[in-house]
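Secondary and tertiary structure notes
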Amino acid sequence: MTHPIISADQLETVIDQPMLLGESPLWHAEQGALYWIDIPGQAVHRLQVALGQHQSWPMAQQPGAIAKHAQGGLVVALRSGMAHLDTDTGALVPLLEAPYDTDHIRFNDGRCDAAGRFWCGTIYEPRDREAGTLYSFERNVLRDAHHAVTTSNGVAFSPDQRLMYHSNTPGHRINVYDFDLATGNTSNCRLLRQFDSDKSAADYGGRPDGAAVDSEGAYWCAMFEGGQVLRLSTQGEILQEIRLPARCPTMVAFGDADLRTLYITTGRHGRSEQELRQYPLSGHLLKLRVDVAGRLEYSYRP
């Protein structure tokens, strides 16, 4: 069965400035603004879309993910732990120290559930075993969900909050769990989709990175080193493919007033000169109008 393919020439760049490794795009509907981070660039960015105003806040260390904070500003998952960024004053206040060895592990990718928990995973940087995990940050306390991964990515929830999606990027797999919103417990882990891990194959499609779920419950996944974003059904079938002018997309977010603009962060850090010539928009924030609307993001509630 074939699926629709959107070509790279249908995408637009959002700002002229490329990131080293753009990540964690987050639509803030109340502000009409898109937030995102640059991990090695050590900064949090914001674009007031209607005004075209771009602002950034430098971080003293690598940010791995962001979420809206119910009391204003953002929660920033830094290598050293969770912090609150006041986006009016720029003040950064530590909330919690990281429970891991910061020489080898850092936070990576996250999203809030409808109860106000911030789910944020980790990346084990030696990448030789599954020493990363997924944490739930709830009322300023961190709880380990014990999802063993090497690189945590793709955290997203079904519209009814009964399913959690979570990917292990180096394993080329996306798992789905039953999710209990009241307790925050996950159970019944099963495979949503396993991707081919043979990087030498001519049709290698990349590995699953950041993701988001739309209003119909489909899972949109950035395929790092695959130069594409895939829309997957709840059974893991490919419903749509978006080909990109950047080989390393990292995450997607739905934004604008109707939630029908798909924003896509990408990376250029550590990529070869040959690849950057072939994909000159690597590192840029990209966008595309889509037919199915996304969903509003929840805030962290302390």
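In this report, we go over the structure that sits alongside the text. Just so you know, the residues in each chain are numbered from 1, in the order the chain's sequence is written. Given that this is a predicted model, residues contribute local features only at a pLDDT of at least 70 and side-chain atom pairs are listed and counted only at 80 or more, while totals for whole chains, interfaces and linings are drawn from all residues. Side-chain measures were taken over the full set of non-hydrogen atoms in the model, leaving aside hydrogen atoms and water.

Secondary structure assignment for the chain yields one helix and 26 strands. The C-alpha atoms of the chain give a radius of gyration of 17 Å, which matches the 19 Å a tight globule of 302 residues would have. Oriented by its inertia axes, the alpha-carbon framework of the chain measures out at about 45 × 45 × 40 Å. Relative to its 302 residues, the chain shows a buried fraction of 57%. Only DSSP runs of H or I covering at least 4 residues are called helices, and only runs of E covering at least 2 are called strands; the numbering of each starts at the N terminus. A radius of gyration in this sense is built from C-alpha atoms; the matching globule rule multiplies 2.2 Å by the number of residues raised to 0.38. Working definition: with a 1.4 Å probe on protein chains only, accessible area under 20% of the residue-type maximum means buried, over 50% means exposed, and in between means partly exposed.

To continue, consider the pattern of salt bridges. Any carboxyl oxygen of Asp or Glu that lies within 4 Å of a side-chain nitrogen of Lys or Arg is treated as forming a salt bridge with it. In total, this model carries 18 salt bridges according to the counting rule given. In this structure, E130 and R173 form a salt bridge, with 3.2 Å as the shortest nitrogen-oxygen distance. Of this pair, E130 sits in the loop between β12 (118-124) and β13 (134-138) while R173 sits in strand β17 (residues 173-180), and the two are 43 residues apart along the sequence. As a salt-bridge pair, R271 and E275 come within 2.9 Å of each other at their nearest N and O atoms. Taken together, the shared-partner salt bridges connect K199, R207, E225, R247, R271 and E275 into one network.

Take the sheet that holds strand β20 (residues 219-224) next. Any two strands between which DSSP finds at least two bridges are classified as paired. Taken in spatial order, the five strands of this open sheet run β1-β22-β21-β20-β19, and their pairing is mixed. Of all the strands in the sheet, just β1 (5-6) and β19 (207-213) have a single pairing partner and so form its edges. Bridge count for strand β21 (residues 228-232) against strand β22 (residues 238-243) is five bridges, and the pairing is antiparallel. Residue pairing for β22: R231 is matched across the bridge by Q240.

What follows is about the nonpolar core. As used in this record, nonpolar core signifies buried Ala, Val, Leu, Ile, Met, Phe, Trp, Tyr and Cys residues forming a set joined through side-chain atoms within 4.5 Å. A77, M82, F107, F118, C120, F137 and L142 are the most contacted members of the largest nonpolar core, which has 18 residues in total. Elements represented by at least two residues in this core include exactly β7 (63-69), β8 (74-78), β11 (105-112), β12 and β13. The contacts of L142, once residues within four sequence positions are left out, are M82, L96, P99, F107, Y135, S136 and F137. Residues I66, L74, L78 and C248 belong to the second largest nonpolar core, which totals 17 residues. Contacts are assigned to residue pairs that have any heavy atoms within 4.5 Å of one another.

In sheet architecture, strand pairing relies on hydrogen bonds along the backbone and comes in two forms, parallel and antiparallel. Strands sit in the order β3-β4-β5-β6 across an open sheet of four strands; the sheet is antiparallel. Looking along the sheet, the strands with just one partner apiece sit at the ends: β3 (22-28) and β6 (53-58). Adjacent strand axes in the sheet meet at a mean angle of 20 degrees when their direction is disregarded. Fitting a line to C-alpha atoms yields each axis, with helices limited to the stretch in contact; the angle taken between N-to-C directions then spans 0 to 180 degrees.

Another aspect to go through is the pairing of strand β14 (residues 141-144). Sheet analysis places β13 next to β14, joined by four bridges and oriented antiparallel. Among the inter-strand pairings, F137 is bridged to a residue of β14, identified as L142. In this antiparallel pair of consecutive strands, β13 and β14, the connection spans two residues, and R139 shows a positive phi of 50 degrees.

On the secondary structure map, H147 appears in the loop between β14 and β15 (152-157). Of note is the side chain of H147, whose polar atom sits 2.9 Å from the side chain of T186. Ignoring any residue separated from it by four or fewer positions in sequence, one finds H147 in contact with G132, T133, L134, M164, H166, Y177 and T186. Whenever a nitrogen or oxygen atom comes within 3.5 Å of another N or O atom, the pair is scored as a polar contact, on the condition that within protein one atom can donate a hydrogen and the other can accept it, and that pairs from neighbouring residues in sequence are kept only if both atoms are in side chains.

With that settled, consider the packing of aromatic side chains. For Phe, Tyr and Trp, rings pair up if their centres lie within 6.5 Å, where Trp contributes its six-membered ring, and each pair is then called stacked (planes under 30 degrees apart), edge-to-face (over 60) or tilted (otherwise). Considering all chains together, one arrives at nine aromatic pairs under this definition. Consider the rings of F107 and Y135, whose centres lie 6.2 Å apart with planes at 80 degrees: the pair is edge-to-face. Of this pair, F107 sits in strand β11 while Y135 sits in strand β13, and the two are 28 residues apart along the sequence. Like Y135, F107 is buried.

Turning our attention to the environment of G236. In this structure, G236 sits in the loop between β21 and β22. For G236, a relative accessible area of 3% gives the class buried. Separated by 144 residues in the primary sequence, G236 and L92 place their C-alpha atoms 40 Å from one another. Once residues lying within four places of it in the same chain are set aside, the contact partners of G236 are L192 and R193.

Further remarks concern the pairing of β6. As defined by bridge partners, strand β5 (residues 43-48) adjoins β6 across six bridges and the pair is classed as antiparallel. Each bridged residue has a counterpart across the sheet, and for H45 the counterpart in β6 is S56. Adjacent in sequence and paired antiparallel, β5 and β6 are bridged by four residues, among which G52 carries a positive phi angle near 70 degrees.

Here we come to the environment of T261. Residue placement: T261 occurs in strand β24 (residues 261-266). The exposure class assigned to T261 is buried, which follows from its relative accessible area of 2%. A sequence separation of 26 residues divides T261 from K287, and the C-alpha atoms of the two residues are 6.5 Å apart. With residues near it in sequence (within four places) discarded, T261 still touches A253, F254, G255, D256, K287, L288 and R289. There is a polar contact of 2.6 Å between the side chain of T261 and the side chain of D256. Here the side chain of T261 touches R289 through a polar contact of 2.9 Å, side chain to side chain.

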